[in-house]
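Structural description and commentary
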Amino acid sequence: MSGATRIDHRFAALRADGRAALVTFVTAGDPDYATSLEIIKGLPAAGADVIEIGMPFTDPMADGPAIQASSLRALGKGHDTNKTLQLVREFRAEDNDTPIVLMGYYNPIYIYGVERFLSDAKAAGVDGLIVVDLPPEEDDELCVPALNSGLNFIRLATPTTDDHRLPRVLTNTSGFVYYVSVLGITGTKSPDISTVTEAVARIKRHTDLPVAVGFGVKTADQAAGIASGADGVVVGSALVNAVRDNLDDAGVAGPATSAAVLALVRQLAGGVKSVTRSAAE
Amino acid sequence: MNVNPPNSYRVGPDEHGRYGIHGGRFVAETLMPLILELEQAYKDAQADPSFQAEMDTFLEHYVGRPSPLYYAERLTEHLSGAKVYFKRDELNHTGAHKINNVMGQILLARRMGKTRIIAETGAGQHGVATATVCARFGLKCIVYMGDVDVERQKPNVFRMKLLGAEVIPVSSGSRTLKDALNEALRDWVANVEDTFYCIGTVAGPHPYPEMVRDFQSIIGKETKRQMHSREGRLPDSLVAAIGGGSNAMGLFHPFLDDKEVEIYGVEAAGRGIDTGLHAASISGGRPGILHGNRTYLLMNDDGQITEAHSISAGLDYPGIGPEHAWLNDVGRVNYLSATDQEALDAFQLCCELEGIIPALEPSHALAKVVELAPDRPKDHLMVMNMCGRGDKDIFAVAEHLGVEL
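Description of the structure in this document. Residue positions are counted from 1 within each chain, in the order its sequence is given. Key to labels: chains lettered from A, ligands numbered from 1, both in the order written. Only residues with pLDDT of at least 70 are given local features in this predicted model, and only at 80 or more are side-chain atom pairs given and counted; all residues enter the totals for whole chains, interfaces and linings. By convention in this description, side-chain values take in all heavy atoms of the structure and omit both hydrogens and water.

Focus on the interface of chain B and chain A
Put simply, the test is: Pairs of residues are marked as contacts when any of their non-hydrogen atoms sit within 4.5 Å. Defined here as a combined quantity, buried area equals the accessible surface (1.4 Å probe) lost by two parts on assembly, summed across both. Any carboxyl oxygen of Asp or Glu within 4 Å of a side-chain nitrogen of Lys or Arg constitutes a salt bridge here. Residues adjacent in sequence count toward polar contacts only when both atoms are side-chain atoms; beyond that, a polar contact is any pair of N or O atoms within 3.5 Å, and within protein one must be able to donate a hydrogen and the other to accept it. Going along the chain from the N terminus, every DSSP run of H or I of four or more residues is numbered as a helix, and every run of E of two or more is numbered as a strand. Residue polarity follows a fixed list, in which Ala, Val, Leu, Ile, Met, Phe, Trp, Tyr, Cys and Pro are nonpolar, Asp, Glu, Lys and Arg are charged, and the others, Gly among them, are polar.
Residue-level contacts link 36 residues of chain B with 37 residues of chain A. Contact between chain B and chain A buries roughly 2,900 Å² in total, counting both sides, with carbon and sulfur atoms accounting for 54%. In this structure, R18 of chain B and E138 of chain A form a salt bridge, with 2.5 Å as the shortest nitrogen-oxygen distance. On the surface where chain B and chain A come into contact, there are 18 residue pairs in polar contact (both at pLDDT 80 or more). For the side of chain B that touches chain A, the elements supplying multiple residues, two or more each, are β2 (22–26), α1 (32–46), α8 (177–190) and β11 (286–290) of chain B. When residues of the side of chain B that touches chain A are assigned to their parent elements, the largest contribution, seven residues, is made by α8 of chain B. Looking at the side of chain B that touches chain A residue by residue, the classes come out as 17 nonpolar, eight polar and 11 charged.

Below you can see the structure in the form of structure tokens.
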């Protein structure tokens, strides 16, 4: 495995600052390439510490209606894996510090070609991957080659991942652990803060990696609550819904689209930054 | 794809749930512990003679097995070639082969203490079978069905409701079977504690393809025994229709190592493979990952899944079971395809010659029997799996024939 990535550096720096990371998810190419690039370029200044970019897929079986709809908006505009990598390259031309994680499903990567994808993603400035339908049982497919190429492979842990299984999930996980706070698909139920805090503590008994928590975080208050118990707060469906809610009747983006998404990110960042954590934790 | 032939075609899957490169467990982490729990529960059930005994009792007295192996005499005369037999799985309770698998999975769900059953359905046959067995055992049943299919299979939707199931129309994606499967998986992720996902075909993450195959293999085992008592030998060829491929796998699997038996799987060619409007994953697709397994899929160059097209809702799926994908790669099974029109012609021929209204799914297999049988000698024994009856399809057929009911 190669050296530290932007993800490792970012979490270390935030730990020293005594606060949690705001991890933002938006879908590549949603609602169109130009607006999507504008949103992603604006995320660091709005307060995003780590950027997750969804790679659209027709059949996102672990995602709810909001993220599936955003994928279909992007695909409807002709978005594909090449364009997702182009988006990262354009972002990287102006920002060499903010970590970028690509998140998606395996089939588009498999069809692009695993080795070619890893080399193109790395060259574009991607730091890590989250591939929802690749559990540890399928590590030989993409996880091990990704780690070997110097990318982080971030794994999801869930309430069904018990103490017996956690070590298996954490082996070959790097960058951070993404704890799925509720059973279900993205963007539906909201997490219970005390349960989340306990779960994060449970995961931390098995790993030194930062633990980010997501699924169902919609407001600055919720973000602050999670930030008190975790190393990172992931927000996705709420941002994707902000894209949807700021399109005109024909589904076309205007200047208000990226402005609305970035305004929500600023609010969420305010929530996350309002909580001070012990650097020694 | 060329692969050296194995010593046996019946040993798969391996411990990773693979059949060659196909199969596997490509699911979200939330589902992984459930899949492992299911695998263990299935192994335990297989090792428990009382499970098989309970299964046998219900198959005989509730499902109505064994189903007859019927000599289709007038069709044979008409084709003047091979001697054609139908394996009459359309005579099962609920009118299709689907209940063989459902009975097995529901008995397993009961052993596991699950109280809520979810299922996906295309043509509605698997949904009806699941609703039926759930009613029999007093289990809550939720069936996901694409809203396109809800529209074209109204009688089955009403049947499911009569049986006490909740039918949830799915309006995402292409609004057919693949989207119903996505929704069922989403339900399962959200309700892991009490819910058992009863998958209707030999697809999905391991152990489903193996488990569904085992439950459907009763079709092939009976056929072997019945053919032996009728003709004193093995059949020379087997023909079955394939959407996901459960009726075909059930017929084929017991014969895979009888290398003298020719085996034909028939995919739905819709309006023709070259039109792009079809459901033939092997003839017109390539290997990829969807719904928990690697197999042949219909997709575009970016790996986005494309819609399948078939007159038959039961075949309208952009993938195929991973064991079929492997049997294609190793060359043991020949995968052919039949168009909507060929299936409709075979449907009418069967009604007129045999007094049997076939479902549109086996009508695809029958279309290839019509093509293959005339070139075979009169002592060639050909078995076609009549895996469903056509009552559910008469409205769709009437529409295609331009008849107003």
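Some remarks on the sheet that holds strand β7 (residues 166–170) of chain B
All names here are of chain B. Test applied: Strands were regarded as paired on the criterion that DSSP finds at least two bridges between them. Orientation is described by axes fitted as lines to C-alpha atoms, over the contacting stretch for helices, and by angles from 0 to 180 degrees between their N-to-C directions.
An order of β7-β6-β5-β8 is seen for the four strands of this open sheet, with the pairing classed as parallel. If you trace the sheet from one side to the other, it starts and ends with β7 and β8 (195–197), each paired once. Within this sheet the neighbouring strands show an average axis-to-axis angle of 25 degrees, counted without direction. Strand direction decides the pairing type here: strand β6 (residues 140–146) and β7, joined by five bridges, are parallel. Across the sheet, V143 pairs through a bridge with V167, a residue of β7.

Side note on the environment of G285 of chain B
Residues and elements named next belong to chain B. Let me state the cut-off plainly: The buried label goes to any residue with under 20% of its type's maximum accessible area, the exposed label to any with over 50%, and the partly exposed label to all in between, with areas taken from a 1.4 Å probe on protein chains only.
Among the secondary structure elements, G285 is positioned in the loop between α12 (281–284) and β11. What makes G285 partly exposed here is its relative accessible area of 22%. Distance from G285 to T176, taken between C-alpha atoms, is 18 Å for residues 109 residues apart in sequence.

Examining the packing of aromatic side chains
The description of an aromatic ring pair rests on the distance of the ring centres and on the angle between the ring planes. Note the threshold: Classification of ring pairs uses Phe, Tyr and Trp, with its six-membered ring standing for Trp, and accepts pairs whose centres are within 6.5 Å; under 30 degrees between planes counts as stacked, over 60 as edge-to-face, and the remaining range as tilted. Our definition puts a charge over a ring when NZ of Lys or CZ of Arg is within 6 Å of the ring centre and also within 35 degrees of the ring normal.
Considering all chains together, one arrives at 14 aromatic pairs over all chains under this definition. Plain terms: the ring middles of F11 of chain A and F176 of chain A are 5.3 Å apart, the flat faces sit at 45 degrees to each other, and that makes the pair tilted. Taken together, the residues span a long stretch of sequence, with F11 of chain A in helix α1 (residues 6–17) and F176 of chain A in the loop between α8 (166–170) and β7 (177–180) at a distance of 165 residues. For the pair F11 of chain A and F176 of chain A, a shared accessibility class is recorded, and that class is buried. Ring pairs connect the aromatic residues Y106 and Y110 of chain A together with F26 of chain B, which therefore count as one cluster. Positioned above the aromatic ring of Y112 of chain A, the side-chain terminus of R116 of chain A is 3.9 Å from the ring centre.

Regarding the side chain of S36 of chain A
In this fold, S36 of chain A is placed in helix α2 (residues 33–46). Setting aside residues up to four positions removed in sequence, S36 of chain A forms contacts with T27, A28, G29, D30 and L87 of chain A.

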